[in-house]
Number of protein chains: 2
Amino acid sequence: MRRLALRPSFAVLVLGTLAANAALAATAPHGGVDMLAVLAALALILVCARVGGALFERFRLPPVLGELGAGIVLGNLGLVGFHGLDAMRSVPTVEAFAQIGVLFLLFQVGLASDIGKLAAVGWSATLVAVLGVITPMLLGFGVSIAFLRGQGPLTHWFVGATLTATSVGITARVLGDLKRTTSVEGRIILGAAVIDDVLGLIVLAVVSGLIAAANAGRAFDATGLALIVAKAIGFLGVAVVAGRWVSRVTFRFAARLPGEGMLVSFGLAFCFLVSFLAGRAGLAPIVGAFAAGLVLEDVHYQALRERDTKKRDLNELLEPLSGFLVPVFFVLMGMSVNLAAFATPGVLGFAALLTLAAVLGKQACAAGVLGGGVDRLAVGLGMIPRGEVGLIFASIGRTLTLNGERVVSDTVYAAVVVMVAVTTLVTPPLLVWRLRRS
Amino acid sequence: MRRLALRPSFAVLVLGTLAANAALAATAPHGGVDMLAVLAALALILVCARVGGALFERFRLPPVLGELGAGIVLGNLGLVGFHGLDAMRSVPTVEAFAQIGVLFLLFQVGLASDIGKLAAVGWSATLVAVLGVITPMLLGFGVSIAFLRGQGPLTHWFVGATLTATSVGITARVLGDLKRTTSVEGRIILGAAVIDDVLGLIVLAVVSGLIAAANAGRAFDATGLALIVAKAIGFLGVAVVAGRWVSRVTFRFAARLPGEGMLVSFGLAFCFLVSFLAGRAGLAPIVGAFAAGLVLEDVHYQALRERDTKKRDLNELLEPLSGFLVPVFFVLMGMSVNLAAFATPGVLGFAALLTLAAVLGKQACAAGVLGGGVDRLAVGLGMIPRGEVGLIFASIGRTLTLNGERVVSDTVYAAVVVMVAVTTLVTPPLLVWRLRRS
C-alpha cells in the first residue's frame, strides 16, 4: 500500500479497481518489512559497489574507496535533482544487513589474528589507545573553546569526547585489501581500537555523568561509573579467557551432531553471541565480533572441517557471506555522507578545525609505539577513522541539556557528521600510500 | 532505550545515573533497528535450527522437519509460561533475513534446474497446476457453505481461493534434502508451483474484483483483471526469454571488471532484481528467484569462475549463504505456528475440514500428470504446502467487506492459519515416506 502512495501515476494507470488493488497488496510487506524495497536496494547497492570497487582497483587503489565513492554518489543524487533513490537511504533492513556485514569483516579479521601475537604488542596498543584518546579530546576541547563562546567547560569536554573512539572497520578493510592485517602495525591498530572503544565508553560515561550531576545540582555518581567500567572490562576479560573454552566446547558439541552446514551455523552463532554480549556490556558489537574471531581457533572445529567434502575452513566459508554484505556496509557508509552538510554556513570552519583536531590528535599515537622497526606513521593514520561511535556520542549529546541548552547544538552535530565523513574518507588513501611505501 | 523499558529490574540495578543511561544508549538502535535484538535472535535461531535438524537427521528424517519443530518450540514457549522470547517472534529484520533465505533456496533450485528439462514436463506441470487450483477451490467452497451459513457465494469463493496456491519452499527443501530436485516429479512440482502462483493471483483478482463490484453496485472491471493477468504472464515470458540474454550480458560485463567477489555480488544482484520484478508483477518474489536461477547458466559466468582461485561455481558460493539463512526461514515458519490457535472453540472443526479440502484437493494433481513412469502420488503430496500466499489472501479478505461484514472473519482467518500450519507440517514426512519408497 505504501508503494501505492509513493507512485500515484503508476497506481492510477494500473489500479482502476479494487481487484487490482487487492492483487498488489499480495506483494505488500511481510511482517512490516517492504521486501521489494529491500530487494531493489540490495541489487542496486551490490552492482554499484562492485563497479565502484573495480574502477578504483583499475588504478591500483583499494576497492573500499570505490564502494564509499559509489555510496556517496548514490546518496547525493538529490543534489542534481534526482530523488528516486531518497527512500533507499533509510531502509532499516538494509542498514541491518550492513551492520551484519561489518561484523563479518571484524570476525574474519579476528580469525586471521593470533591472540599471542596480539598480546605481544599489548603495551604498545594500550599506550597508542590512551594517547589516541587523550590528545584528540584535548584538541577538541580547545577547538570548542575557540568556536563556542559562552558555553561552559562541560560542553567543551563533550565536544572533545566525540573525537575519542576509532572506528576500526575502514582500517581493517584497507589492511585486508593490502594483506597487512597481521603485520605489527595492523596488530597494534586492532588492539588499540579495542582498548580505545573501552576508553571512549568511560569518557562518555564520565562527561555525561558530570553534566547530569551539574544539571541536578548533586554530586557525580562514581558507583554508576565504576559499574560501567567493570562491565566493559569484565566483558573483554571473560571473552578472552572463557571465550576459547566456550568455542572449544561449542564446536566439540557441533561435531557430534549429524548433518551438513554445522560449521557455518555454529561459527556465525558464536560470532553473533559474542557481539551481542559486547553490546550488552556497552561496547560496540564489532569489538565482540573481533573478540569472537580472536578466540575461535582452527583446531576447535577440526572435526567439522574434516567432515566437509571440500575441507573448507571457516574463513573460506565466510568469504561469500562477507563478499555479499561487506560492500553493502561501505556503500551505506558512503550514502550517509551528506555532501550538502559541507555547505551549511557557520559549520564549515568549526567542522574543518574539529576534523583537523581529530586527524592530528590521533598522530600522537605514533609516540605510543614501543620498540623499533614499526611504521609509527602508519599506526597514527590507521587510527584516524571515526565512525558511528562519534555519531552516537553526538546524538547522546543532543539529548542532554545544560542550563536549559542542548549540549550538542545543531551546528556541533553537523560538524561531527562532517568530521566522521572526512576522517573515514581520508584514511584509505593515506594508509595505502604509507603502507605501499614501507 | 527500549531495552531499558523492557527490563526494569536490570535497569534499576545498573543505571543509577544518567551517565550509565547515556552509555547504554550508545548501544541503542542504529537507523531504527535494534541490532542487539537481531544478534541475539539470530544466534539462538541458528543453534536451535541445527540442533533440531540434527535430531531429525539422526532418525533419517529431513532436517527441515527439525528446523520447523525447533521453531514451533521456540514460538510456543509462552504456553508453558515462558515469555522471554515473545519479543523475538516479530523482529522485522530477522523476518527479512528469512525471506532472503527462502529466495536463496529457490535460486539454488532454479540453478540446479534445466530449463529444457522443465519445458519437457510443461504440459504435465500446467495440467497439475490447473487441477490443483480448481479442485481445492471447489472443496473449500463446499466446506465454507457447510460451515458459514448465511453468507453469500462470494464469501465462499473467497474461502476457496485461500486454498489455491502451493508454497513451494517446503517441497523444494525436502526434494533437495533427498537429492530429488531434478527428478521428473521434482520438475513437475516446481513447474506447477510457478504456474499455480499465476493462477492463484488471477483467482484472487477475480474474486476480490467481484466483491468490490458487488459492494459498489457496479459491473466487474474486466480491464483491470486483464492488466493483472498480462503483467504476471508478461513477467514470466520476459524473465525466461530476456532473462538468459540479460544474465549473459551481465556476467560478460562483470568478467571485465577487475577485483574479487564479482561472481557472488552479480549473481545475488541478478537474483534480487528478478525477484523484485516478480513482486512488482504481482507474483511471489520466490517465483522470481526460481526464474533467475533457471535462466542463469554456468556458461554465462565461466570467465569469472576461471578467475577464482578455487574455481568455485555459483552453487558452491551460495552454499554458506543458504546454510546461514535458509534454516532461519524454516525456524521462523515454525515460530509462526501458534499452537493455541488449534484450541480456539468453533475454529477447530472448520479448520480440520478446510485442511482436509486443502490436502485432498491437491491430490487431484495426480490426474494431471501425463505419461507413465511418474510417481503421481508424490506429485500430489508435493503440491500440498500452502504458505504465505494463503495467509496473504486471507489477510486481504479481512480488508474486504460485503454487505457491511468482513469477507474473512476472525474464525475463517484462524482456520486458514491452522490450514497453512498443518499443510506445511504434514508434507515433509509424507513426501519423504513416498519418495523413499519409490
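Residues numbered from 1 in each chain as written. Chains lettered and ligands numbered in written order. Predicted model: local features only at pLDDT ≥ 70, side-chain atom pairs only at ≥ 80, totals over all residues. Heavy atoms only, no water.

A. Layout of the overall build of chain A. Within chain A one finds 20 helices and two strands. Against the globule reference of 22 Å for 438 residues, chain A gives a C-alpha radius of gyration of 23 Å, in line with a compact fold. Referenced to the eigenvectors of the C-alpha coordinate spread, the extents of chain A come out at roughly 65 × 60 × 50 Å. Looking at the 438 residues of chain A, the share that counts as buried comes to 59%. Taking the contacts inside chain A whose residues are at least 6 apart along the sequence as the reference set, 79% of them involve residues at least 24 apart. Looking at chain A as shown, the accessible area adds up to about 16400 Å², and 66% of this sits on carbon and sulfur atoms. (Helix = DSSP H or I, 4+ residues; strand = E, 2+ residues; numbered from the N terminus. Rg over C-alpha atoms; globule rule 2.2 N^0.38 Å. Buried < 20%, exposed > 50% of the residue type's maximum accessible area, 1.4 Å probe, protein only. Contact = heavy atoms within 4.5 Å. Areas by Shrake-Rupley, 256 points an atom, 1.4 Å probe, with all protein chains shown as cover.)

B. Up close: the nonpolar core. Counting residues in each nonpolar core, the largest one holds 228 residues, and the members touching the most others are A:Phe272, A:Phe324, B:Phe272 and B:Phe324. If we ignore the near neighbours within four places in the chain, the residues touching A:Phe324 are A:Leu42, A:Leu46, A:Phe97, B:Phe104, B:Val264, B:Leu268, B:Phe272 and B:Leu321. (Core = buried A, V, L, I, M, F, W, Y, C linked by side-chain atoms within 4.5 Å.)

C. Quick look at the environment of B:Arg149. Residue and element names in this part refer to chain B. By secondary structure assignment, the location of Arg 149 is in the loop between α8 (122–147) and α9 (153–161). Along the backbone, Arg 149 and Val 38 are 111 residues apart, and their C-alpha atoms lie at a distance of 45 Å. Here the side chain of Arg 149 touches Ala 146 through a polar contact of 3.1 Å, landing on its backbone oxygen. (Polar contact = N/O pair within 3.5 Å; in protein donor to acceptor, adjacent residues only side chain to side chain.)

D. Inspection of the packing of helix α19 (residues 388–399) of chain A against helix α20 (residues 410–437) of chain A at higher detail. Residue and element names in this part refer to chain A. Axis separation between α19 and α20 bottoms out at 10 Å; the angle between their running directions is 175 degrees. Comparing their axes, α20 and α19 come out roughly antiparallel. The segment α19 lies against α20, with Gly 390, Leu 391, Ala 394, Ser 395 and Arg 398 engaging Asp 410, Tyr 413, Val 416, Val 417 and Val 420. (Axes fitted to C-alpha atoms, helices over the stretch in contact; angles between N-to-C directions. Parallel < 35°, antiparallel > 145°, perpendicular 65-115°, else oblique.)

E. Molecular detail of the confidence of the model for chain A. On average, residues of chain A score 84 in pLDDT, and 93% of them are at 70 or above. Across the assembled chains, the prediction reports ipTM 0.81 with pTM 0.81. (pLDDT = per-residue confidence, 0-100.)

F. Seen up close, unusual backbone geometry. Residues and elements named next belong to chain A. The phi dihedral of Asn 403 falls on the positive side, at around 55 degrees, and the residue is not glycine. Along the polypeptide, Asn 403 turns up in the loop between β1 (401–402) and β2 (405–406). Under the relative-accessibility criterion, Asn 403 is labelled exposed at 73%.

G. Up close: a nonpolar patch on the surface. Residues and elements named next belong to chain A. On the surface, Leu 139, Phe 147, Leu 353, Leu 356 and Leu 360 cluster together to form a nonpolar patch covering roughly 430 Å² of accessible area. Among the elements of the structure, α8 (122–147) and α17 (347–363) are those that each provide at least two residues to the nonpolar patch. Secondary-structure assignment places Leu 356 in helix α17. (Patch = residues over 30% accessible without salt bridge, like charges linked within 9 Å, V, L, I, M, F, W, Y side chains within 5 Å. Salt bridge = Lys/Arg side-chain N within 4 Å of Asp/Glu carboxyl O.)

H. Seen up close, the pattern of salt bridges. By the definition in use, this model includes 14 salt bridges over all chains. For A:Glu297, the salt bridge identified is with A:Arg244, shortest N-O distance 2.8 Å. Highlighted residues: A:Glu297 in the loop between α14 (285–295) and α15 (302–307) and A:Arg244 in helix α12 (residues 222–255), separated in sequence by 53 residues. Across the pair B:Lys362 and B:Asp196 runs a salt bridge, and its minimum N-O distance is 3.1 Å. Here B:Asp196 lies in helix α11 (residues 184–216) and B:Lys362 lies in helix α17 (residues 347–363), a separation of 166 residues in the sequence. Take B:Lys362: its relative accessible area is 0%, and that puts it in the buried class. Counted as one network, the salt bridges with shared partners bring together A:Glu67, A:Arg173 and A:Asp177.

I. View of α14(A). The element α14(A) is extensively covered by neighbouring structure, given that ten of its eleven residues are classed as buried. Looking at α14(A), one finds that the buried residues are A:Ile286, A:Val287, A:Gly288, A:Ala289, A:Phe290, A:Ala291, A:Ala292, A:Gly293, A:Leu294 and A:Val295.

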